[in-house]
Amino acid sequence: MRSLLLAVLTAYLNAAIHFILAFVNKRRSVQRVAEWSTAIGFILHTGALVGDWVLDGHYPLFSLRETLSFLAWALVAVYALVLHRYRAQAVGAFSMPLISILTFISLLITPGPADAPASFSATRLFPIHTTLVIFAYAAFFIVFMASVMYLLQERELKLKTFSAIFHRLPPLTTVNELATNAAIVGLSLLTLGIATGMFWSWDRYGRFWHNDPKEIFALLTWLVYFVLIIYRLTANWRGSRAAWLGVIGFALVLCTLFGARFLGGYHVFGLIL
Amino acid sequence: MSIILVGVNHKTAPVEIRERLAFSDEACAEGLRRLVDGEVVREGLIVSTCNRVEILSATTTEQMESSAGRSAQFLDAAGQLPTGFLNKHLYSHTNEDAIRHLFRVASSLDSMVVGEPQVLGQVRHAYAIGVEAGTVGRTLNRLVHHTFRVAKRVRNETGIASNAVSISYMAVELGKKIFESLKGSTVLLVGGGEMAELAARHLVNAGAARTLIANRTEETARRLANEFGATTVAFDQLDQALSEADVVICSTGAPDYVLTESQARKGLERRRNRPTCFIDISVPRNIDPAVGKIPNVFLFDIDDLESVITSNIREREREAERAELIVQSEVMQFQQSLRLMDVGPTIGALREKMHEVARAEMARQRKRLGALTQEQETAIEALLTTTVNKISHPILNQMRRFYESNETDDLQQAKKNFDLEE
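Residues numbered from 1 in each chain as written. Chains lettered and ligands numbered in written order. Predicted model: local features only at pLDDT ≥ 70, side-chain atom pairs only at ≥ 80, totals over all residues. Heavy atoms only, no water.

Asks: What exactly am I supposed to notice about the overall build of chain A here?
Replies: Check the secondary structure of chain A and you find nine helices and zero strands. Beginning at the N terminus, the succession of helices and strands in chain A can be written as α-α-α-α-α-α-α-α-α. Counting over 273 residues, chain A shows a buried share of 54%. Taking contacts inside chain A between residues at least 6 apart in sequence as the whole, the part at least 24 apart equals 75%. About 12000 Å² of surface is accessible on chain A, with carbon and sulfur atoms providing 71% of the total. (Helix = DSSP H or I, 4+ residues; strand = E, 2+ residues; numbered from the N terminus. Buried < 20%, exposed > 50% of the residue type's maximum accessible area, 1.4 Å probe, protein only. Contact = heavy atoms within 4.5 Å. Areas by Shrake-Rupley, 256 points an atom, 1.4 Å probe, with all protein chains shown as cover.)

Asks: Just checking my understanding: could you explain the overall build of chain B for this structure?
Replies: Secondary structure assignment for chain B yields 14 helices and ten strands. Taken over C-alpha atoms, the radius of gyration comes to 32 Å for chain B, far larger than the 22 Å a tight globule of 422 residues would show. Taking the principal axes of the C-alpha coordinates as reference, chain B spans close to 110 × 60 × 35 Å. Considering only contacts within chain B whose residues lie at least 6 apart along the sequence, 72% involve residues at least 24 apart. Of the side chains in chain B, 51 bear a positive and 58 a negative charge, and the two mean positions are spaced by 4 Å. (Rg over C-alpha atoms; globule rule 2.2 N^0.38 Å. Lys, Arg positive; Asp, Glu negative; His and termini not counted. Charge placed at Lys NZ, Arg CZ, Asp CG, Glu CD.)

Asks: Help me out: how do you make sense of the confidence of the model for chain A in this one?
Replies: Interpreting fine coordinate detail is not advised for predicted regions of low pLDDT. Residues and elements named next belong to chain A. Averaged over chain A, the pLDDT score is 81; the fraction of residues at 70 or greater is 88%. Predicted confidence in chain A is weakest over helix H5 (residues 118-121), with a mean pLDDT of 54, and strongest over helix H6 (residues 125-159), with 88. Low pLDDT, under 50, characterises residues 268-273; the predicted model gives this stretch 18 contacts beyond four residues in sequence or across chains. (pLDDT = per-residue confidence, 0-100.)

Asks: Looking at this structure, how should I read the domain arrangement of chain B?
Replies: Frequently, the measure chosen for interface size is the accessible area that the parts lose on association. For chain B, the assigned domains read domain 1 (2-161), domain 2 (167-310) and domain 3 (336-417). Summarising the inter-unit geometry, the C-alpha centres of domain 2 of chain B and domain 3 of chain B are found 74 Å apart. (Domains from an automatic or database assignment.)

Asks: What is the right way to look at the confidence of the model for chain B in this model?
Replies: Of the residues in chain B, 98% reach a pLDDT of 70 or more, and the chain-wide mean stands at 87. Helix H4 (residues 95-106) of chain B holds the highest mean pLDDT among the elements of chain B, 94, whereas helix H14 (residues 408-417) of chain B holds the lowest, 73.

Asks: Got a minute to help me understand the packing of helix H3 (residues 64-86) of chain A against H6(A) in this structure?
Replies: Between two packed helices, the angle of one axis relative to the other and the distance separating the axes together describe the packing. Residues and elements named next belong to chain A. Close contact between H3 and H6 brings their axes to 9 Å; oriented N to C, the two are set at 55°. Comparing the axis directions of H3 and H6 gives the class oblique. Between H3 and H6 lies a crossing whose hand is right-handed. Residues Thr67, Phe70, Leu71, Trp73, Ala74, Leu75, Ala77, Val78 and Val82 of H3 form the contact with H6, whose own contacting residues are Thr131, Ile134, Phe135, Tyr137, Ala138, Phe141 and Ile142. A class-by-class count of the residues in the contact of H3 with H6 yields 14 nonpolar, two polar and no charged. (Axes fitted to C-alpha atoms, helices over the stretch in contact; angles between N-to-C directions. Parallel < 35°, antiparallel > 145°, perpendicular 65-115°, else oblique. Left-handed = near helix turned anticlockwise from the far one by under 90°. Nonpolar A, V, L, I, M, F, W, Y, C, P; charged D, E, K, R; others polar.)

Asks: What is the right way to look at the interface of chain A and chain B in this model?
Replies: Taken together, the 28 residues of chain A in the interface contact 31 residues of chain B. With both sides pooled, the region where chain A packs onto chain B buries about 2300 Å², and carbon together with sulfur makes up 47% of that total. Counting the surface chain A buries against chain B, the share from its top three residues, A:Lys158, A:Lys160 and A:Arg238, is 25%. Our enumeration of links across chain A and chain B arrives at one salt bridge. Viewed at the interface, chain B and chain A are joined by twelve residue pairs in polar contact (both at pLDDT 80 or more). Taken together, the elements giving at least two residues each to the side of chain A that touches chain B come down to H6, helix H7 (172-205), helix H8 (213-234) and helix H9 (239-263) of chain A. In the side of chain A that touches chain B, the residues fall into eleven nonpolar, eight polar and nine charged. (Buried area = accessible area lost by both parts, 1.4 Å probe. Salt bridge = Lys/Arg side-chain N within 4 Å of Asp/Glu carboxyl O. Polar contact = N/O pair within 3.5 Å; in protein donor to acceptor, adjacent residues only side chain to side chain.)

Asks: How should I be thinking about the sheet that holds strand S2 (residues 43-48) of chain B in this particular structure?
Replies: In sheet architecture, strand pairing relies on hydrogen bonds along the backbone and comes in two forms, parallel and antiparallel. All names here are of chain B. Pairing is antiparallel in the open sheet, where four strands are placed in the order S2-S3-S1-S4. On the outer flanks of this sheet lie S2 and strand S4 (91-94), each paired with one strand and no other. Averaged over all neighbouring strand pairs, the angle between strand axes comes to 15°, with direction disregarded. Note that S2 and strand S3 (residues 52-59) share six bridges and pair antiparallel. Residue Leu45 lies in a different strand from S3, and its bridge partner there is Leu56. (Pairing = 2+ DSSP bridges.)

Asks: Could you clarify how one ought to interpret helix H1 (residues 2-25) of chain A in this entry?
Replies: An α-helix turns once per 3.6 residues; consequently, residues spaced three or four apart project the same way. All names here are of chain A. Compared with an ideal rise of 1.5 Å per residue, which puts 24 residues at 34 Å, H1 spans 34 Å between its outermost C-alpha atoms and is within 8% of the ideal. Within H1, the full set of buried residues consists of Leu5, Val8, Leu9, Ala11, Tyr12, Ala15, Ala16, His18, Phe19, Ala22 and Phe23. At its buried positions, H1 is contacted by helix H2 (28-56), H3 and helix H4 (90-108). (Expected span 1.5 Å × (residues − 1).)

Asks: Explain the pairing of S2(B) here, please?
Replies: On a regular strand, each side chain points to the face opposite its neighbour's, so the side chains alternate between the two faces of the sheet. In terms of burial, S2(B) is a largely internal element, five of the six residues being buried. From the end of S2(B) to the start of S3(B), which pair antiparallel, there are three residues.

Asks: Mind showing me how you'd approach the environment of B:Ser392 here?
Replies: Residue and element names in this part refer to chain B. Along the polypeptide, Ser392 turns up in helix H13 (residues 374-404). C-alpha separation for the pair Ser392 and His355, spaced 37 residues apart in sequence, amounts to 9.9 Å. Among the polar contacts made by the side chain of Ser392, one reaches the main-chain carbonyl oxygen of Asn389 at a distance of 3.3 Å.

Asks: What is the right way to read unusual backbone geometry from this model?
Replies: Excluding glycine, a negative phi dihedral is what most residues carry, and trans is how most peptide bonds are arranged. Residues and elements named next belong to chain B. Cis geometry is adopted by the peptide bond preceding Pro284, which originates at Val283 and carries an omega value of -5°. With respect to the helices and strands, Pro284 occurs in the loop between strand S9 (276-280) and strand S10 (297-301). Look at Asn273: it is not a glycine, yet its phi comes out positive at around 65°. Here Asn273 shows up in the loop between helix H11 (261-270) and S9. Of note in this structure, Asn296 is not a glycine but carries a positive phi near 70°. With respect to the helices and strands, the residue Asn296 is situated in the loop between S9 and S10. For Asn296, a relative accessible area of 3% translates into the label buried.

Right, here's the structure in full:
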């Protein structure tokens, strides 16, 4: 599967380069190359994940290597949805480099022999829990990106000095709407993800809650996005304040995803989820 | 065929001269019929806009000089000026330079405001008149179609037309930057004045659904309301209007602030914090600058607009440099296709001639062969055709190469060898 993943990385890198070129030059032909390259990468990536699943005999979302690869895949899927719904081409220039990096790191990690979580995959709930959470994080990444785009543009509009990047970003209300919708989707997925995690834990250990750092961070993340959505929907908070919440929320997501690993606790099975 | 372009534009001739030369549509068609005689000038068309009058013509290489002279004289006569009067204002380009000039004009690189969209339509119009008058032949036809392609490419692949360069259009650009689209939006026009009205008109053209007019003079308010199909708003009801408006354009002669911070805040609260764009083009300013500090409100005064426009013009100039590269590569491409187009008839004539010889010989010898079956007939015909094709193939290729590398002497020699002088 490594060679296939290498092909995936090549496609993503090619897409990232073309997205950035298209972002700078506003060339539609270049944008198309990037989109096709992304599509090819995504198909190969799906193949690689399915291959892993068949060969290793467990859902390909457990070790760090698998998680990064799966996260990259989920981000591409979410990006495709965003592109389809909002035609926000600039998103590609921002997300594809990150997706390439995630794929690259996952390639660097050699699969350890300890990846035999037979007891985890015994229950169907565990892969559902992890998948939901990963997609929630991918959605929160979109919120983060849209929020950054919002803040960049708002700053330039307020200062009345428009840089080259300004003309290439989607309009304010578009990124605002994108952030709101992505936050709603992300929060729904995270809610379901936490719920399935709890049930799985109940099933296995007879406890819903373990008080470990990852759980606490996840709960905080959930709260931040909940507040964000409530405020957006009641329309008291629009624009920059909501955008800052989107940025803070994503910092918490990163803490949940990576930080908890270094704080120890129940969720550390030598892996990050 | 050679291509010649003779003309004046805003850089070479003052308006007093350009206005004398300007052609109406009828004069243009009529003039073309006089100019194009099929001998000195084989094909022609006239591009006449307020910034330029140019005659584009095609003729044989030998007639190039006299054709250019004729075009110049034609312009003198059209302006009722003494012959040679225009010489110091005229530019005259041939072949590569003429093609490049036309590409640049249509791509709006030669315009007073680089990137303005009208000029392409004007070239299109000139072409239509030429076609109508019957003075556009194969060469110009190709050239003009290629020109349209180049202009489209420049527009799509560079940003020379993407950023607003006029105050009135800035309202639309800012609106589009804040709201995804202006469709269905509401515009509030406070006061009047030419620039503000023009800005409002641009917004309506971009899709704004409602226009509200607030004006102290009732008569002006009514006039504007009629013009825009707008609703008038009394000045003491501005607060209500503010809560509905997405874009507010303010331009009154008032000596102090017409819109205060607290008004804007209240309006924003009532529109549940949906962003508002305020554009203040009055001097002295009519909107309290503190309004710009409110979150979700974007305020631009006349200086802000000017400075954005300056940077937009710089951006357009940067993009124009990229456009020049596109034009250059397209000029090369067109010249190439022009050479091939020229060689086409020659090659066709030569091949035809060889086949003709073979057919004639066959006809002469046919009766000696006696009765033949259908199959034999076909075989003989195929034999002749393939023999001629195989012999002529390298010769034709050679001629094509001469053309592509522009070795006209060799080509003339080849034509002579086969007795193909036109």
